[in-house]
Structure formats: C-alpha cells, structure tokens
Amino acid sequence: MDWVGRVAEIRRWTRGGERAPHKPLLLLYALGRFQREGNRPIPFSAAEAELRKLLKEYGPPRDTSPGYPFHHLTSDGLWVVETRHGPGSPGPELGRLRESEAAGRLHPDLARALSEEPGLLGRIARYLLDANFAPSLHTDVCTLAGLDLEAVETAGETARPPVARRDPGFRDRVLMAYEYCCAFCSYDGWLDGAVVGLDAAHVRWWAFDGPDDLANGLCLCAIHHKLFDKGVLGLTEERTIAVSARYVGRSQASRDMVLSLAGRPAREPQAGMEAVRADHIGWHVRQVFRTPARA
Ligand SMILES: [Zn+2]
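Computed from a prediction, not measured in an experiment: that's the story for all the values here.

Trainee: Honestly, the pattern of salt bridges in this entry has me stumped. Any pointers?
Mentor: Should the charged atoms of two oppositely charged side chains come close, the side chains can pair. Per the stated rule, a full pass over the model turns up 16 salt bridges. We note a salt bridge from R98 to E48, for which the minimum N-O separation is 2.6 Å. Remark: E48 occurs in helix α3 (residues 44-58) and R98 occurs in helix α5 (residues 94-99); sequence separation between them is 50 residues. Judged by its relative accessible area of 45%, R98 falls in the partly exposed class. For D172, the salt bridge goes to K53, with nearest N and O atoms at 3.9 Å. Highlighted residues: D172 in helix α10 (residues 170-177) and K53 in helix α3, separated in sequence by 119 residues.

Shown next as structure tokens:
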C-alpha cells in the first residue's frame, strides 16, 4: 500500500476555493499522538481543545469546527471513529461527538505500516507539511500538533528507534514565563488572539541534550531567535545581551534591532520563575556564539 499516495488524495481545497488544511491538521495531530502513545483511541473530548487551537492558528481565517475533520477523515480510509454504541462516527456535530463518547484512531492498517516501516511517519508528515503550509510554519505546526519530526526523520534514516520526545508544553511555559515578550527587544504581538512572531528558543540546542526546561528556554521574537541560533546574539553569565563583533549591519534597522542590544540586560522571567541557567549559557557561548563580542 502506498500510504503517502493515499494521504495525497485528501482534498486540499473547499468547493469555495478556500484552503482546507483541516484533515491534514488532524492527521498531523494523530501522528504526534501515535509517536507518543501508539494507536490508542483518542477521545474526542480530549482532542477537541487542541484541534480547535490548531484550526484557529493554521486553518483558514473562517472559524471551523474540530468535529468536521474528526468525522470526515473517516471517508479517506486513514482514520476510524468509534462511539460507546460501537464502530462508526456519529457525524461532525460537536454535541453528538461528545455525548456518544466518540474516539478516533489511525486506521489499523496504517498504524501497522507505521510500526513496520520506520521512515513512513516522517514521509507522511513531511508530505502533509509541504502540501499544506509555508515552510516557515512547519516547525510551529509540528510543535502545536505535538509531532517531533526531527526525531522520526532521523530514526528513518538510521533505522534506530526514536529517542526521547520533545515536550509539547515547553513553548507555552517559556512564553508565559516571559509574559509573551521577546527577552531581547520586548516585541509582543497577537493575531486574532493567538501570539504571533514569538518562539521558545532552546539555549542549549535540543539536538545536543538541551532539556525542555524553563532554565534552558528564552522567549524570543522570530528575528532574534534566528540571530541567537546563528550566534550573532548571545548571553553573558550575568544575562546581558552579547553581540558578535563579526556581525555587520549598516542600516538603521540593524542598529536598532541588533547593534544597540549589546550590553543591555535580557528580560528576566516573571518573579519566582527560573531564569536561564549558567551552564546552558556556557554551552551556547562555546558552541554557537561567534566570538569575539562587541565592546
Ligand atoms: Zn526580539
């Protein structure tokens, strides 16, 4: 069975010509659950809030009910729904999905193929992302869907079992601790009630055993996250901002957004919450930051 081909048959547009990432989002979410806990049935009551969030952030501007993909994906042969009355979905209505204790899971044939073929999960997820979302959104979509794409793609290449999972709550904890403000420039921004342009950055990279702890996290805007990961920006032990002397920017924007940060204290998390730990800063200084720092 060509499962990626089957996934590719999911319709990506509504009849009205609107982008329709609803089923892909549910599939990505289901793949994330599969990664963490196998093909255990996912109660609609447990998935509803998370699906609603995914649809709100990455669906079309118009509001969509999480019941829509939960029910309609069954027609693609990739997803099955059962209720307390037995197999079969009660329909897309929220009330009926809740009241009948509906639960969904990947089609058993697909689940078996995912278990037998280490690279398949990564290929399906990659296809869904490429087919439905701009590249700059891939990481954010996976984070919100609870899907660890890096781990599965690495596992597929080397045929070793997936390693420890990323914690999907890391981003929320870090953003909340920093009150949804960039720790370097205080940027904040919301789109329709969802935070936009802010990331939870790992100081010590996850690929190098950086934990998903607040003590290893910084809330950064997209540009400062990129510059921090590239080693343009760093932190001193006192948590003031360091700017690499190797970074050059002549525009006023570069001066405002980068050069003027040198020596300023980074924003601290809320009182009582853990600031970035010195050993993680030390790792970043050694492995990432482009020395020397500007005076
Ligand atoms: Zn910033």
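So much for the structure itself; the text now carries on.
Trainee: What exactly am I supposed to notice about a positive patch on the surface here?
Mentor: A cluster of like positive charges, contributed by K226, K230, R246 and R290, occupies part of the molecular surface. Mapped onto the elements, K230 comes out in helix α11 (residues 222-230). Under the relative-accessibility criterion, K230 is labelled exposed at 53%.

Trainee: Looking at this model, I keep getting lost on the coordination of the zinc ion. Mind explaining?
Mentor: For a metal bound by four donors in a tetrahedral arrangement, the ideal donor-metal-donor angle is 109.5 degrees, while six donors in an octahedral arrangement ideally sit at 90 or 180 degrees. Bound to the zinc ion on the protein side are C182 (SG), C185 (SG), C221 (SG) and H224 (ND1), at distances that span 2.1 to 2.3 Å. Geometry at the zinc ion is tetrahedral, judged from the four donor atoms that bind it and their angles of 95 to 118° at the metal. Each donor residue of the zinc ion belongs to the same chain, with the gaps between them written as C-x2-C-x35-C-x2-H. Taken together, the residues span a long stretch of sequence, with C182 in the loop between α10 and β5 (190-191) and H224 in helix α11 at a distance of 42 residues. The two residues C182 and H224 agree in class, both being buried.

Trainee: In this structure, what is going on with the sheet that holds strand β2 (residues 79-83)? I would like to understand it.
Mentor: Backbone hydrogen bonds hold the strands of a sheet together, and the pairing may be parallel or antiparallel. Reading across from one edge, β1-β4-β2-β3 is the order of the four strands in this open sheet, with antiparallel pairing throughout. With partners counted over all chains shown, the strands left at the sheet margins are β1 (42-43) and β3 (86-87), one partner each. One ladder, built from four bridges, connects β2 with strand β4 (residues 103-106); its direction is antiparallel. Bridge pairing in β4 links W79 to L106.

Trainee: I tried to follow helix α13 (residues 278-287) on my own but got confused; where do I start?
Mentor: Along an α-helix, a turn takes 3.6 residues, which lines up residues three or four apart on a common side. Taken as a whole, α13 has its buried residues at H280, I281, G282, W283 and H284. Looking at the packing, one finds that the buried side of α13 touches α11 and β9 (233-235).

Trainee: Quick question: what am I supposed to make of the confidence of the model for the protein chain here?
Mentor: Fine structural detail should not be taken from predicted coordinates in areas where pLDDT scores are low. Residues of the protein chain with pLDDT of at least 70 account for 93%, and the chain-wide mean is 90. Within the model, the stretch residues 158-164 combines pLDDT values under 50 with five contacts to residues more than four positions away or in other chains.

Trainee: What is the right way to look at the packing of aromatic side chains in this model?
Mentor: The description of an aromatic ring pair rests on the distance of the ring centres and on the angle between the ring planes. Tallied over the entire structure, the rule returns six aromatic pairs. Here the aromatic rings of Y58 and F133 are separated by 6.5 Å at their centres, their planes lie at 85°, and the arrangement is edge-to-face. Here F133 lies in the loop between α7 (120-132) and α8 (138-145) and Y58 lies in helix α3, a separation of 75 residues in the sequence. An identical accessibility class is assigned to Y58 and F133; each is buried. A connected cluster of aromatic rings, assembled from ring pairs, spans F44, F70 and W79.

Thresholds applied
Within each chain, residue numbers correspond to sequence positions counted from 1 in written order. Local features are withheld for residues below a pLDDT of 70 in this predicted model, meaning they are given only at 70 or higher, and side-chain atom pairs are given and counted only at 80 or more; totals for whole chains, interfaces and linings count all residues. To obtain the side-chain values, all non-hydrogen atoms of the structure were used and water was disregarded. Salt bridge, as used here, is a side-chain nitrogen of Lys or Arg placed within 4 Å of a carboxyl oxygen of Asp or Glu. Comment: elements are numbered from the N terminus, with helices defined as DSSP H or I runs of at least four residues and strands as E runs of at least two. With a 1.4 Å probe rolled over the protein chains alone, any residue whose accessible area is under 20% of its type maximum counts as buried; one over 50% counts as exposed, and the rest are partly exposed. Patch rule: a residue counts if its relative accessible area is over 30% and it has no salt bridge; like charges are joined within 9 Å, and nonpolar side chains (Val, Leu, Ile, Met, Phe, Trp, Tyr) within 5 Å. Every accessible area reported is derived by Shrake-Rupley at a probe size of 1.4 Å, with residue values counting cover from the shown protein chains alone. Two residue types count as positive, namely Lys and Arg, and two as negative, namely Asp and Glu; His and chain ends fall outside the count. One atom stands in for each charge, and that atom is NZ of Lys, CZ of Arg, CG of Asp or CD of Glu. Donor atoms: N, O and S within 2.8 Å of the metal, or within 3.2 Å for Na, K and Ca. Because water is excluded, sites can look incomplete. Donor angles set the geometry label: tetrahedral for four donors if every angle is between 85 and 135 degrees, square planar for four and octahedral for six if opposite donors exceed 155 degrees and the others are between 65 and 115, irregular for anything else. Between any two strands, at least two bridges found by DSSP are needed for them to pair. Whether two residues are in contact is decided by their heavy atoms: any pair within 4.5 Å suffices. Within a predicted model, pLDDT stands for the predictor's per-residue confidence, ranging from 0 to 100. What counts as a ring pair is set by centres within 6.5 Å for rings of Phe, Tyr and Trp (its six-membered ring), and what kind of pair is set by the plane angle: stacked under 30 degrees, edge-to-face over 60, tilted for all other angles.

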